[in-house]
Amino acid sequence: MTARIAIVTTVDLAEPDADELLLLPHLPEAELVAWDNPDVDWSTYEVAILRSTWNYTERLDDFLAWASKVSGLTRLVNPLETIVWNTDKRYLDDLAARGIPVVPTAFVAPGETADALAGSVVVKPSVGAGSAGAALFHDDPEAAAAHLASLHADGRVAMIQPYLAQVDEAGETALIYLGGRFSHAARKAAILSADMTNSTGLYADEKITRCEPTEAERALADRVVATLPEGLAYARVDLLPTDDGPVVLELELTEPSLFLGMDDAAPARAAREFRALLG
Ligand SMILES: Nc1ncnc2c1ncn2[C@@H]1O[C@H](COP(=O)(O)OP(=O)(O)O)[C@@H](O)[C@H]1O
Ligand SMILES: [Mg+2]
């Protein structure tokens, strides 16, 4: 049988990721296909579902050109407009304009200067994933400015945020939605705190555990999803705690890990949602 669903990965990954290993046994209609393999005929698939395309952050223009082409040949999931909007964290400004509490963020493009580098700040690229290019500075505006300059030298728009230190104790909460409905949640331990940035990288591995979101977290993530196009096949809302309640750190609609291993029922649930995309 020829596969009807492309689960989209990259040639840079030798092995399926954890989600794909859990998902594929439930989805015999699907096979792994690399977005950056030029030999693929995308029109042979009814649906192409973006999953582990993690290297897109280094080649955003190529990736969006590919997504635009492929969305004319098959059904791209999530849809092209959603991907175009979501691959640059400047979407946080749009969420804020919709009344959603987000981590206070200054976007600083190459050629612009930053005026808020004192205290504990995070400097990171506005197009990024997997914490690449993200760094934390405590009362070191010079080092923060140097990191900002290095992002700018790479041609990247930078983001400056206060470090929301409650993450050190409480972690970050990721709420996963499948087909527009809440599925499950996971907690991710802090990544940038001093111990880790000083490490050799051994601690950069994400520590993920299952969690039940608080009522406030669930309510906020529901509000975020309610502002999106209806019924997106997958969405992940990442929240950080503050004294005033949770705020949005990230909204992942492009290629989020879905942490399917955190809920026994999630792999079959995801497979059902993905199969439902077939005509
Ligand atoms: N403002 C912040 N306060 C606290 N921790 C942060 C902040 N920004 C980023 N982090 C930490 O850095 C990690 C990566 O940042 P994030 O914005 O999620 O980008 P990415 O797209 O690389 O996942 C987060 O998971 C979190 O642990
Ligand atoms: Mg993140």
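From a predicted model like this one, the values you see are computed outputs, not experimental measurements.

Undergrad: I tried to follow the site of ligand 1 on my own but got confused; where do I start?
TA: Taken together, 19 residues form the shell around ligand 1, and within it Lys-89, Lys-124, Ser-131, Glu-172 and Glu-250 come nearest. The backbone of Ile-191 places a nitrogen or oxygen atom 3.3 Å from an oxygen atom of ligand 1. In the complex, 98% of the free accessible area of ligand 1, which totals 540 Å², lies under the protein chains. For the shell around ligand 1, the class distribution of residues is 11 nonpolar, four polar and four charged. Each of domain 2 (106-162) and domain 3 (166-253) gives at least three residues to the shell around ligand 1.

Undergrad: Can you help me understand the packing of aromatic side chains in this one?
TA: Both the distance between ring centres and the angle between the ring planes are used here to describe each pair of aromatic rings. Using the criterion set out here, one finds nine aromatic pairs in the structure. Between Trp-85 and Tyr-91 the ring centres are 5.4 Å apart and the planes differ by 50 degrees, which places this aromatic pair in the tilted class. Relative to Phe-274, the ring of Tyr-234 has its centre 6.5 Å away and its plane inclined at 80 degrees; by these criteria the two rings are edge-to-face. Remark: Phe-274 occurs in helix 9 (residues 266-275) and Tyr-234 occurs in strand 12 (residues 234-240); sequence separation between them is 40 residues. By the burial criterion, Tyr-234 is buried, and Phe-274 matches it. Directly above the ring of Tyr-234 sits Arg-51, whose terminal nitrogen or CZ lies 4.7 Å from the centroid.

Undergrad: Help me out: how do you make sense of the sheet that holds strand 11 (residues 208-210) in this one?
TA: Backbone-to-backbone hydrogen bonds pair the strands of a sheet. The strands run either parallel or antiparallel. The sheet built from five strands is open, its strands ordered 11-10-9-12-13 with antiparallel pairing. Both edges of this open sheet fall to strand 11 and strand 13 (247-252), since each of them pairs with a single strand only. Neighbour to neighbour, the strand axes of the sheet diverge by 30 degrees on average, direction disregarded. As paired elements, strand 10 (residues 181-188) and strand 11 share three bridges and run antiparallel to each other. Residue pairing in the sheet places Ala-186 in a bridge with Arg-210 of strand 11.

Parameters at a glance
Every chain is numbered independently, its residues counted from 1 as its sequence is written. For naming, the first written chain is A and the first written ligand is 1, with later ones following in the order written. Residue-level local features of this predicted model are given only where pLDDT is at least 70; pairs of side-chain atoms are given and counted only at 80 or more, and the full residue set underlies all totals for whole chains, interfaces and linings. Side-chain metrics rest on all non-hydrogen atoms present in the structure, leaving aside hydrogens and water. Consider each residue's heavy atoms; a residue with any of them within 4 Å of a molecule or strand counts as near. Whenever two N or O atoms come within 3.5 Å, that pair is a polar contact, provided that in protein one can donate a hydrogen and the other can accept it, and provided that, for residues adjacent in sequence, both atoms are side-chain atoms. Note on areas: Shrake-Rupley with a 1.4 Å probe; residue coverage comes only from the protein chains shown. Three classes are used: nonpolar for Ala, Val, Leu, Ile, Met, Phe, Trp, Tyr, Cys and Pro, charged for Asp, Glu, Lys and Arg, and polar for all others, with Gly counted as polar. What fixes the domain bounds is an automatic or database domain assignment. The criterion for an aromatic pair is that two Phe, Tyr or Trp rings (for Trp, the six-membered ring) have centres within 6.5 Å, with stacked assigned to planes under 30 degrees apart, edge-to-face to planes over 60 apart and tilted to the rest. Numbering goes from the N terminus for both helices and strands, where a helix is a DSSP run of H or I of at least four residues and a strand is a run of E of at least two. Relative accessibility under 20% of the residue-type maximum defines a buried residue, over 50% an exposed one, and the middle range a partly exposed one, all with a 1.4 Å probe and only protein chains included. Whether a charge sits over a ring depends on NZ of Lys or CZ of Arg being within 6 Å of the ring centre and within 35 degrees of the ring normal. Between any two strands, at least two bridges found by DSSP are needed for them to pair. All axes here are fitted lines through C-alpha atoms, helices being fitted over the stretch that makes contact, and every angle between N-to-C directions spans 0 to 180 degrees.

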